[in-house]
Structure formats: C-alpha cells, structure tokens
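# Breakdown of the fold
For reference, the chains in residue letters:
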Amino acid sequence: MSQLDTRVPAVLLRIDRNPFHHGTLGAVRSLGRAGIDVHLVAEVTGSPVGRSRFVRRLHPPPPPGATPRDIATALLQVVARIDRPAVLIPMDDAGAVAVSRLRAELAPAYLLPQQPPALPERVADKGDLAGLCAAADVPHPVTVVPDSAAQAASAAWRLGLPVVAKWSRPWLLPSGSGLRSTVVVRSPQEARELYLRSEEAGSPLLLQEFLAPGTDRDWFFHGYADRSGTLRGGGSGRKLCAWPRGAGLTAIGEWAPNPTVSTLAERLTAQLGYRGILDLDFRRCGTTGRYHLLDFNPRPGAQFRLFTDTAGLDVVRAQHLDLTHRPLPDGRARPGRTFVVETYAPLTALRGATPHGRELAWYAGDDTAPGRAMWGLWTAHVTRRLLGRLRRIGAAGATGALPRVVRQGPPPPPSLTGLPEVPHVPCAADPADDEKASSR
C-alpha cells in the first residue's frame, strides 16, 4: 500500500478501558503494515494489543470519567509529542462521540472527516437512531421510550414478550454497575425494575420489538464514507457464529454480497450526510423478510479486517488515504473471505485457511506476539475455571450433595459452521458493552 502518505501518522483512540479489543489490534496492524507510524491512546495493561510490533508508541488514555476538556488535553498532548498533524481514528463509541464534540478544538492538529455537527452522537444514541431510520425509510424494530416504571411494564406487555431493553447511550453506563447495554426482558416486572435504574444508567431506557435470531438472519455492513459520500473499504457480511450465541459480537463472519443491506446502508448515510467510518448491524425478520437496522456504530467494527480487498484497502486505510487527499485504489471484493475470533471459535481457528482467504483476530504470521499472548491468557483462564468447577463438584460429592441442573430455556443453537465448538468460558477478553449492543 505505497499509496498511503507515510509522513502522516495515525492516532488510534479507545476510551473504553477494554484492553482485549481485537478491532484495535486490527487497526494497528493494517496501518502499521502500510508504513504508517501508529500511536495508540488506550488502556493496554496486560493486553496483547500493546505487544504488536506495529505500535510506534503507546500513550495513556484519558482517566475514567474524563470530561471533554480532559480528553481534548490528552489528545493535544499526544499530537504535540508527535510534532506533526495526524489522522485520528476513534475505536469505540465513547471516543467517536468525544471527537465529534471536540472537533473545533482538535481539527487544527488532527485530520478529521467533515460532517454535520454531533452526527456521530446522534447515530450512536439508540433513541435518536429510531427517528433517523424512520426519516430515511430504513426498517428499524418498533421502539418505545417509557417515561415511568408503570409505562415500562405496560410497553413490554404490548410489544409482546420477550422484548429487547437498551440504554439509549450505552457509553455512559458506569463500570461496576452490572448494567448491560442490551438485555432481553421476559416479563413486565423485569422491565419495571430495569426502568428504576435509569438515573444510575445515565440515559433513557428503550424497549424494542424482539426479532428472533436464526440461520442467515444476522448481517452487518462496514464502510468508509469519503468526502463525496461514497462508501469504500467495506461491504456486507453475514454473521455465521456469535458470542454469546445468537446475541453477541461476531465470532465467525463471512464476506457475503447482499444488495438489500448495501442499499439500506447507502440510503441512510446519504440521507444523514455521514462522513467517516461506520459499522451497521442488521437482523432479517423471519416473518416479513425485511432487514432491520439494529445499531449504527460511528467507528470501525471489531471485524473490519474481514473486508480487505485485493488492493489491501479496508476502512482505516480508506480514511487515511481520503484525509491525506490520496486516491483510493480500486481493488476487487473477496466474497467468501472469513474472519474468526480464536477465543470464541477455537476449533474453527484451528482448521486452517479457507479457499477464499481468512483473517484471525489475534494471530498473524508477521506479528506473532499478540497471538501468543492471547492464547496464553485464554488457556490459563480456562484452566483456572475448569479446576474451580472440579473442586466444587468434588466438595459437593464429599458432602453427599449432588449438583442439581435447572434448565431455564432452550439450549443454544449449534454453530452455523457445522463444527462442534468447545464451550466458551467468559474471561477478560469477553465483548465489551459497546460491542454486544449491536447484535440483539
């Protein structure tokens, strides 16, 4: 990718303190392989991401609960150390919203897409998104915003249980609260109790029509809207396996052309005048066949490297090329290419390459340290969990009390890859809330 201007560095920002975000590693590698100096502003303590040979320099992130002024100060200090303008790419919703708010202060030092003020914040807000979809004639699940606990219970009943409950601005959820950005509510009482925590959550509660998961129903679209509004560097993809099953981030994804999904993405971005990187999540209704937009993420999706064309173009390279006024190469799409997150689909990762090409989230032949570190952390954690279970079973047997299994719902569907995946043990690398929110 000699087309990139290697004189202009890139700064990757991640405010969410999740050191195991594989999308951040993908961006580091993509730009670093193209000869760009990559500066990472993120929490990477104990993280495989910080071990990548393509990280030019690590910078501390803004402190938890940082104000916009704190974030601006941290970013301006980074560019002062670099001593030249840089392309700034937020890697999470909180970062995208902050950069949008601070554009006037950051623009002299950073190269940023030009778009309507506060638009990233509007599309990331789950409540605003419903209205934006209605205006653009893009299908979206029926959404209700209750203004009391009683209304929450009533709305859950009227929508038809189960329903999906979302916090409008998930990036505001306080850490350690136990609140999830998105949950499935199965009774009016659950909806009532969740509403009562609205003040703690920091944003309104939404109740949304539940679209059941199923084979060939979960799709996503990644792209970069350039200065003219043309979508480049991405495409439509199908989620073959998710973690958690049927309701989480992409564990196995496939590049699969879908004209309907692409048309909806183009229509919405054109209507909004959106510029920059985007990650959209869709679910096809099993009854009507319509594709409903579930989430609009104004930043790279964790699996964006799936959409690497024959010219090596992806969304982060597209942004760097566009903002440095370089032409974007015309590569060919690579349908059938797959993306696998090893910690969520280990057996699929061990199968080897596929005929159309494959990208692993953590391991790369030219950057092996992060993959080795991730496997070591994952193996150690799984071992600890299994040993803990064995000790508990042994203790129960010694006292004569046998463990009792209570099934609270149907078993998860089998992996759509046809392979029997090993049970996943939740660990520090599990999806962050901003990733889980896009897949209900």
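Structure report, in brief.

Calculation notes
- Counting restarts for each chain: residues are numbered from 1 in the order of the written sequence.
- With pLDDT at 70 or above as the cut-off, local features in this predicted model cover only qualifying residues; side-chain atom pairs require 80 or more to be listed or tallied, and sums for whole chains, interfaces and linings still use all residues.
- Processing note: side-chain calculations cover all non-hydrogen atoms of the structure and skip hydrogens and water entirely.
- Helix numbering and strand numbering both begin at the N terminus, where a helix is a DSSP run of H or I of at least 4 residues and a strand a DSSP run of E of at least 2.
- Here's how the labels work: a residue is buried when its accessible area is under 20% of the maximum for its type, exposed when over 50%, partly exposed in between, all with a 1.4 Å probe on protein chains only.
- Note on contacts: a residue pair is in contact if any heavy atoms of the two residues lie within 4.5 Å.
- Every accessible area reported is derived by Shrake-Rupley at a probe size of 1.4 Å, with residue values counting cover from the shown protein chains alone.
- By salt bridge we mean one thing: a side-chain nitrogen of Lys or Arg within 4 Å of a carboxyl oxygen of Asp or Glu.
- Any two strands with at least two DSSP bridges between them are considered paired.
- Geometry is summarised by axes, namely lines fitted to C-alpha atoms with helices restricted to the contacting stretch, and by angles between N-to-C directions that run from 0 to 180 degrees.
- Geometry of aromatic contacts follows a simple scheme: Phe, Tyr and Trp rings, the Trp one being its six-membered ring, pair when their centres are within 6.5 Å, and the pair is stacked under 30 degrees between planes, edge-to-face over 60, tilted otherwise.
- Crossovers are described as right-handed under a simple rule: with the strands pointing away from the observer, the path leading from the first strand over the helix to the second runs clockwise.
- To count toward a patch, a residue needs a relative accessible area over 30% and no salt bridge; like charges are then connected within 9 Å, while nonpolar side chains (Val, Leu, Ile, Met, Phe, Trp, Tyr) are connected within 5 Å.
- Only four residue types enter the charge count: Lys and Arg as positive, Asp and Glu as negative, with His and the chain ends excluded.
- Working definition for charges: the position is that of NZ of Lys, CZ of Arg, CG of Asp or CD of Glu.

Next up on the list: the overall build of the protein chain. The secondary structure content of the protein chain amounts to 14 helices and 16 strands. Of all 440 residues assigned to the protein chain, the portion counted as buried reaches 56%. A separation of at least 24 residues holds for 70% of the contacts in the protein chain among residues at least 6 apart in sequence. Of the roughly 18,700 Å² of accessible surface on the protein chain, 54% is carried by carbon and sulfur atoms.

In terms of backbone geometry, most residues other than glycine have negative phi values and most peptide bonds are trans. Between L161 and the following residue, P162, the backbone shows a cis peptide bond with an omega angle of -5 degrees. Inspection of the secondary structure puts P162 in the loop between α7 (149-159) and β7 (163-167). Not every positive phi belongs to a glycine, and A118 is a case in point at roughly 65 degrees. In this fold, A118 is placed in the loop between β5 (110-111) and α5 (119-124). Among the residues examined, A118 registers a relative accessible area of 32% and is labelled partly exposed. We note that H325 has phi near 60 degrees; this positive angle belongs to a residue other than glycine. Relative to the elements of secondary structure, H325 occurs in the loop between α11 (315-323) and β15 (338-340).

Turning to the pattern of salt bridges, a few remarks are in order. Per the counting criterion, the structure on display carries 25 salt bridges. R29 is paired through a salt bridge with D367; the nearest N and O atoms lie 2.8 Å apart. Pair noted here: R29 is in helix α1 (residues 22-33) and D367 is in the loop between β16 (358-360) and α13 (368-398), with a separation of 338 residues, a long-range link. Among the residues examined, D367 registers a relative accessible area of 2% and is labelled buried. Its salt-bridge partner being R283, residue D218 comes within 2.7 Å of it at the nearest N-O pair. Of this pair, D218 sits in strand β10 (residues 218-225) while R283 sits in strand β13 (residues 276-284), and the two are 65 residues apart along the sequence. As far as the burial class goes, D218 and R283 line up, both buried. Salt bridges sharing partners connect three or more residues here, namely R101, E121, D125 and R169.

A word on the sheet that holds β15. One open sheet holds the seven strands; their spatial order is β14-β13-β10-β11-β12-β15-β16, and the pairing between them is mixed. Because the sheet does not close on itself, it has two edges, and the strands there are β14 (291-297) and β16. Strand-to-strand, the axes of this sheet are offset by a mean angle of 30 degrees, without reference to chain direction. Both strand β11 (residues 231-243) and strand β12 (residues 249-255) contribute to a ladder of six bridges, which runs antiparallel. By the bridge assignment for β12, R238 is matched with E254. Sheet contacts for helix α10 (residues 259-272): β10, β11, β13 and β14; angle to β14, the most-contacted strand, approximately 50 degrees.

This next bit is on the packing of aromatic side chains. Under the counting rule described, the total for this entry stands at five aromatic pairs. Arranged with centres 6.4 Å apart and planes meeting at 85 degrees, the rings of W219 and Y291 form a pair that is edge-to-face. Highlighted residues: W219 in strand β10 and Y291 in strand β14, separated in sequence by 72 residues. Classification of W219 as buried rests on a relative accessible area of 4%.

Of the two faces of strand β1 (residues 10-13), the one holding A10 and L12 and the one holding V11 and L13 are both buried throughout. The pairing of β1 with strand β4 (residues 86-90) spans four bridges and is parallel. Its bridge partner lying in β4, V11 is registered against L88. Pairing between β1 and strand β2 (residues 38-41): four bridges, direction parallel. Bridge assignment links A10 to a residue of β2, and that residue is V38. A crossover connection joins β1 to the parallel β2 through α1; in handedness this β-α-β unit is right-handed.

This part takes up a positive patch on the surface. On the surface, R385, R389, R391 and R392 cluster together into a positively charged patch. Looking at the element boundaries, R389 is found in helix α13. Among the residues examined, R389 registers a relative accessible area of 39% and is labelled partly exposed.

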